[in-house]
Amino acid sequence: MSPEPPAPNINTGVAHPARRYNYWLGGKDNFAADRASGDAIEKIFPHIRTAAIENRRFLHRAVRWLTAEAGIRQFLDIGTGLPTADNTHEVVQAVAPDARVLYVDNDPIVLTHARALLTSHPHGRTDYIDADLKRPVTILDAPAFKRTLDLTQPVALLLVAVLHFLTEHDDPYSIVETLLDRLAPGSYLVLSHATAELLPPATAAALTSVPGRGDFTSRTYQQAQRFFDGLDLVAPGLVVASQWRPPPGSTPTPPEQVAAYAGVARKTTVAGRRWPLDFAGSRCPP
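The following paragraphs examine the structure supplied in this document. In every chain, residue numbers begin from 1 and rise along the written sequence. Local features in this predicted model are restricted to residues whose pLDDT is 70 or higher, and side-chain atom pairs enter the listing and the counts only when it is 80 or higher, whereas totals over whole chains, interfaces and linings include all residues. For the side-chain quantities, the full set of heavy atoms in the structure was used; hydrogens and water were omitted.

### So, the pattern of salt bridges
Heads up, the rule is: Whenever a carboxyl oxygen of Asp or Glu lies within 4 Å of a side-chain nitrogen of Lys or Arg, that contact is scored as a salt bridge. Segments assigned H or I by DSSP are reported as helices when at least four residues long, segments assigned E as strands when at least two residues long, and all are numbered from the N terminus. Whether a residue is buried, partly exposed or exposed follows from its accessible area with a 1.4 Å probe, protein chains only, as a fraction of its type maximum: under 20%, in between, or over 50%, in that order.
As enumerated under the stated definition, the model contains 9 salt bridges in all. For Arg57, the salt bridge goes to Glu54, with nearest N and O atoms at 3.2 Å. Of this pair, Arg57 and Glu54 both sit in helix 3 (residues 48–68), 3 residues apart, which is roughly one turn of that helix. For Glu54, a relative accessible area of 6% puts it in the buried group. Residue Glu168 pairs with Arg219 through a salt bridge whose shortest N-O separation is 2.6 Å. Placement of the pair is Glu168 in the loop between strand 4 (156–160) and helix 9 (172–181) and Arg219 in the loop between helix 10 (201–207) and helix 11 (221–225), with a sequence separation of 51 residues. Taking relative accessible area as the criterion, Glu168 reaches 44% and is therefore assigned partly exposed. Judged by relative accessible area, Arg219 falls into the buried class, the value being 1%.

This is the structure in structure tokens:
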């Protein structure tokens with residue numbers, strides 16, 4: 001199985017979100033510009049590494065629940081980032097070896113590591129698309145999309161810590177709607193989004209001027225919740241990422257150290273109609 005055609009050369013002099021996130025998680029696939037940008041953000045928001053870890057933990061809990069409890073066997077992971085321990089396919093295929101995972105990212109260095117994301121269990125399948133979330137139709141029309149995902153069956157769309165890199169000019173709500181429209185009823189949206197409203201005002205203001213931060217749009221609870229319009233939120237709803245189904249007996253990390261909302265929701269409509277779903281997320285006739 002091969003990734004999509006090679007991307008342009010890597011620009012190591014400009015910080016990239018995937019590589020900066022890799023740095024905060026303790027990875028080694030980053031450059032001086034990424035580390036400088038990450039350190040500048042950490043100087044203002046000392047809990048940024050905790051926030052990155054909590055976001056990753058939310059991803060793991062969400063996909064494990066979708067696989068084990070909701071019966072989902074297909075995952076579209078956009079904004080994949082660099083391979084680390086417990087990638088999406090490793091988590092879901094540990095529960096369901098036949099699960100299929102399609103990764104999407106637009107960082108050239110992620111493309112160079114794509115084969116690490118393609119080490120599927122022999123009963124399942126993984127693939128990778130080099131594409132930009134800002135052009136969702138490019139993702140939907142990619143050969144890897146068509147050969148990996150069966151659109152007659154539910155798919156979990158993962159948009160974890162990626163939508164805050166879209167500005168309002170990018171029309172992020174339409175992008176999410178375009179992706180969901182192609183997916184069958186019974187599909188799910190998994191989303192986490194950074195927010196400044198959980199931070200002290202001075203910290204939030206200082207973060208807006210960090211060099212190398214690039215386009216970054218913090219959104220409020222109401223703005224994040226809008227991404228779930230028309231979907232049925234799974235309990236506990238849209239919450240601070242550390243509070244989404246934490247391990248029993250654990251104490252969730254305080255909201256001000258996470259600064260991100262997260263939620264999982266189910267698509268129960270087709271062509272404007274609501275369809276009841278069984279527990280596994282399969283379509284049930286009215």
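### Considerations on the environment of Ala85
We count it as follows: The contact criterion used is simple: two residues touch if any of their non-hydrogen atoms lie within 4.5 Å.
When you line up the elements, Ala85 lands in the loop between strand 1 (74–78) and helix 4 (88–95). Assessed through its relative accessible area of 59%, Ala85 is described here as exposed. Considered as a pair, Ala85 and Gly27 are 58 residues apart in the sequence and their alpha carbons are 9.9 Å apart. Those residues in contact with Ala85, other than ones at most four positions away along the chain, are Arg56, His60 and Glu90.

### Regarding the packing of helix 1 (residues 17–24) against helix 3
Filter applied, for reference: Each axis is a line fitted through C-alpha atoms, and for a helix only the stretch in contact is used; angles between axes span 0 to 180 degrees, taken between their N-to-C directions. Note on angle classes: values under 35 degrees are labelled roughly parallel, values over 145 roughly antiparallel, values of 65 to 115 roughly perpendicular, and the remainder oblique. Three classes are used: nonpolar for Ala, Val, Leu, Ile, Met, Phe, Trp, Tyr, Cys and Pro, charged for Asp, Glu, Lys and Arg, and polar for all others, with Gly counted as polar.
Orientation of helix 1 relative to helix 3, taken along the N-to-C sense of each, is 100°, at an axis distance of 9 Å. Between helix 1 and helix 3, the interaxial angle falls into the category roughly perpendicular. For the pair helix 1 and helix 3, the contacting residues are Tyr21, Tyr23 and Trp24 in the first and Ile48, Arg49, Ala52, Asn55 and Arg56 in the second. Residues belonging to the contact of helix 1 with helix 3 are distributed by class as follows: 5 nonpolar, 1 polar and 2 charged.

### Side note on helix 1
The buried fraction of helix 1 amounts to 6 of the 8 residues, a majority that puts the element mostly inside the structure. Of the positions making up helix 1, those classed as buried are Ala18, Arg19, Arg20, Asn22, Tyr23 and Trp24. Against helix 2 (32–44), helix 3 and helix 5 (108–112) lie the buried residues of helix 1. Two residues or fewer after helix 1 comes Gly26, characterised by a positive phi angle close to 90°.

### Structural notes on unusual backbone geometry
Of note, the bond from Ala235 into Pro236 is cis; its omega dihedral lies within 30 degrees of zero at 10°. If you trace the backbone, Pro236 turns up in the loop between strand 6 (231–233) and strand 7 (239–240). In the Ramachandran plot, Ala161 falls in the positive-phi region, its phi being about 55° despite a non-glycine side chain. Along the polypeptide, Ala161 turns up in the loop between strand 4 and helix 9. Of note in the backbone geometry, Ala259 takes a positive phi value of approximately 50° without being a glycine. Tracing the chain through its elements places Ala259 in the loop between helix 12 (255–258) and strand 8 (260–267).

### Notes on the packing of helix 1 against helix 2
Relative placement of two packed helices is described by the angle separating their axes and the distance separating the axes. Here is the rule: Crossing handedness is read from the near helix: turned anticlockwise from the far helix by less than a right angle, it gives a left-handed crossing, and turned clockwise, a right-handed one.
Contact geometry of helix 1 with helix 2 gives a least axis separation of 9 Å together with a crossing angle of 65°. Classified by chirality, the crossing of helix 2 by helix 1 is right-handed. Across the interface between the two elements, Arg19, Arg20, Tyr23 and Trp24 from helix 1 touch Asp34, Arg35, Ser37, Gly38, Asp39 and Ile41 from helix 2.

### Some thoughts on helix 4
Within the span of helix 4, buried status applies to Thr88, His89, Val91, Val92 and Gln93. Looking at the buried positions of helix 4, the neighbouring elements they touch are helix 3, strand 1, strand 2 (100–105), helix 6 (114–117), strand 3 (125–130) and strand 4.

### Remarks on the packing of aromatic side chains
Threshold: Aromatic contacts are taken between Phe, Tyr and Trp rings whose centres are within 6.5 Å, Trp giving its six-membered ring; a plane angle under 30 degrees counts as stacked, one over 60 as edge-to-face, and the others as tilted. Each ring is checked for a lysine NZ or an arginine CZ that lies within 6 Å of its centre and within 35 degrees of its normal; such an atom marks a charge sitting over the ring.
What the rule picks out here adds up to 6 aromatic pairs. With a centroid separation of 6.0 Å and 80° between ring planes, the pair formed by Trp65 and Tyr188 is classed as edge-to-face. Placement of Trp65 in helix 3 and of Tyr188 in strand 5 (residues 188–194) is noted, with a sequence separation of 123 residues between them. Accessibility expressed as a relative area gives 15% for Trp65, which makes it buried. Both rings, one in Tyr221 and one in Tyr261, keep their centres 5.1 Å apart while their planes meet at 90°; by these two values the pair is edge-to-face. Of this pair, Tyr221 sits in helix 11 while Tyr261 sits in strand 8, and the two are 40 residues apart along the sequence. By relative accessible area, which is 25% here, Tyr221 ends up partly exposed. Site record: aromatic cluster; members linked through ring pairs are Phe58, Trp65, Tyr188 and Trp244. One Lys or Arg, Arg49, reaches over the ring of Tyr23 and ends 4.7 Å from the middle of that ring. Over the ring of Tyr173 we find Arg226; its NZ or CZ atom is 3.8 Å from the centre of that ring.

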